[in-house]
Amino acid sequence: MCGWTLPGKIKYWVTHHRKQKEIVFDHYGRKCCWPNCKVTDLDMLSLDHVLDNGYEHIKEIGKHLYGYLIKHNFPDNVHLQTMCMNHQFKKRQMKYRGEKLPKKVTTI
Ligand SMILES: [Zn+2]
C-alpha cells in the first residue's frame, strides 16, 4: 500500500467537488431562482438547464459539469440557473403536466 487509502481518496473528491461547487455557484448565484424560495444551502442547490437540455448537454461534455464550466469560463451559450433540488423536481412535474411555470423561473 502506498498510503493512499480509500477514505482519503473519497475525502479528496468530496473536498475537490465542494470547492468547484463554490466557484460555480459564486458565478450563478447561491440562491434558488424559484419565486419566494429561500434555499441558500449549497448542499441543496443545483444547476438547472433553462432549456431543459441537461441530458444532452451532460452527454456532450462528459459527466463533470462544474469542471467544464470553470475550464471554459462559464460559457454564455450554456443557459443555467440556480435551483434547489425540490424546485428542480417541481419544475419537472409541472412541465409534465403542461402547467405554466412561475415568471421568475426562466424559460427561453
Ligand atoms: Zn427552491
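Just so it is clear, the structure is predicted and the values come from calculations on it, not from any experiment.

A word on the nonpolar core
So, point 1. The biggest cluster of nonpolar side chains holds five residues, and these are Cys32, Trp34, Leu45, Met83 and Cys84.
So, point 2. Leaving out residues up to four positions away in the same chain, Trp34 has contacts with Met83, His87, Pro102, Lys104 and Val105.

Looking at the confidence of the model for the chain
Low pLDDT means the predicted coordinates in that region are not meant to be read closely.
So, point 1. For the chain, the mean per-residue pLDDT works out to 89, and 94% of the residues sit at or above 70.
So, point 2. No element of the chain has a lower mean pLDDT than helix α2 (residues 54-61), which averages 88, and none a higher one than strand β2 (residues 80-84), which averages 95.

What about unusual backbone geometry?
So, point 1. The phi dihedral of Asn36 falls on the positive side, at around 65°, and the residue is not glycine.
So, point 2. Here Asn36 shows up in the loop between α1 (6-28) and β1 (45-49).
So, point 3. Phi is positive for Asn73, close to 55°, though the residue is something other than glycine.
So, point 4. Note on placement: Asn73 falls in the loop between α3 (65-71) and β2.

The rules behind each value
- Residues numbered from 1 in each chain as written.
- Predicted model: local features only at pLDDT ≥ 70, side-chain atom pairs only at ≥ 80, totals over all residues.
- Core = buried A, V, L, I, M, F, W, Y, C linked by C-beta atoms within 7 Å.
- Buried ≥ 20, exposed ≤ 12 C-beta atoms within 10 Å, placed from the backbone.
- Contact = placed C-beta atoms within 7 Å.
- pLDDT = per-residue confidence, 0-100.
- Helix = DSSP H or I, 4+ residues; strand = E, 2+ residues; numbered from the N terminus.

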